[in-house]
Amino acid sequence: MDFGQIIEEKIKQAIDRGDFDDLPGKGKPLPKDEFAYLPEDVRNSYRILKNANMLPEEMILKKEMAELEYLIAEAADQDREKELKKKWSEKKIRFDLMMEKRKLNQSGAFGQYQNKINRRLGF
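Throughout this description, residue numbers start from 1 for each chain and increase along the sequence as written. Totals for whole chains, interfaces and linings use all residues, but because this is a predicted model, local features are given only for residues with pLDDT of at least 70 and pairs of side-chain atoms are given and counted only at 80 or more. Values reported for side chains reflect all heavy atoms of the structure, with hydrogen atoms and water molecules removed beforehand.

### Topic: the overall build of the chain
Heads up, the condition is: Labels follow the DSSP assignment, with helices taken as runs of H or I lasting at least four residues and strands as runs of E lasting at least two, numbered in each case from the N terminus. Three exposure classes are used, based on accessible area relative to the maximum for each residue type with a 1.4 Å probe and protein chains only: buried under 20%, partly exposed in between, and exposed over 50%. Should any heavy atoms of two residues lie within 4.5 Å, those residues are counted as being in contact.
The secondary structure content of the chain amounts to five helices and zero strands. Start at the N end of the chain and walk to the C end: the helices and strands fall as α-α-α-α-α. A burial count over the chain gives 19% of its 123 residues as buried. Across the chain, the fraction of contacts at a sequence separation of at least 24, relative to all contacts at a separation of at least 6, is 54%.

### Notes on the packing of helix α3 (residues 57–74) against helix α4 (residues 78–102)
Cut-off, in case you're wondering: Axis definition: a line fitted to C-alpha atoms, over the contacting stretch in the case of helices. Angles run 0 to 180 degrees between N-to-C directions. Geometric relationships in this document are graded by angle, where less than 35 degrees denotes roughly parallel, more than 145 denotes roughly antiparallel, 65 to 115 denotes roughly perpendicular, and other angles denote oblique. Crossing chirality is assigned from the near helix's rotation relative to the far helix, an anticlockwise turn below a right angle marking it left-handed and a clockwise turn marking it right-handed. Polarity classes work like this: nonpolar for Ala, Val, Leu, Ile, Met, Phe, Trp, Tyr, Cys and Pro, charged for Asp, Glu, Lys and Arg, and polar for all others, with Gly in that last group.
Across the interface, α3 lies against α4 with an axial gap of 9 Å and an inter-helix angle of 155 degrees. By the angle between their directions, the pair α3 and α4 is classed as roughly antiparallel. Handedness of the crossing formed by α3 with α4: left-handed. Together, Glu57, Glu58, Leu61, Lys62, Glu64, Met65, Leu68, Glu69, Leu71 and Ile72 of α3 and Glu81, Leu84, Lys85, Lys87, Trp88, Lys91, Lys92, Arg94, Phe95, Met98, Met99 and Arg102 of α4 make up the contact between the two elements. Split into classes, the residues belonging to the contact of α3 with α4 amount to ten nonpolar, no polar and twelve charged.

### Description of a nonpolar patch on the surface
Basically, it comes down to this: The patches reported here contain residues having more than 30% relative accessible area and no salt bridge. Joining distances are 9 Å for like charges and 5 Å for nonpolar side chains (Val, Leu, Ile, Met, Phe, Trp, Tyr). Computed with the Shrake-Rupley method and a 1.4 Å probe, the accessible areas treat only the protein chains shown as cover for residues. Any Lys or Arg side-chain nitrogen found within 4 Å of a carboxyl oxygen on Asp or Glu counts as a salt bridge.
A grouping of Phe3, Ile6, Ile7, Ile11, Ile15, Phe20 and Leu23 is seen on the molecular surface, where their side chains present a nonpolar patch of about 650 Å² in accessible area. When you line up the elements, Ile15 lands in helix α1 (residues 3–17).

Here's what the structure looks like:
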């Protein structure tokens, strides 16, 4: 008996015991895959990163930029605000260069997710 048959047998036993009868969402369609618009070769990588609570470098930069924007709005003195604006500008340049290098701005997948990403990061 191979591993696949063992798994099938365990699933059948669980069905017979009724272990799957009260699952949430039973009888409803599965949710759409949020990575459906990504190319197949990167889809699983993004899924793994998301499940591990890891963000790609460009998303880390976007998040840092959002935090700096908040700090700029809350800055009490002009020197602090000027310092924060300089940091934001450096991150924005780095982000733009990264996007240009990766050509994500021309990617259909990036276009599909850009608004969702920006909303999650507070833009």
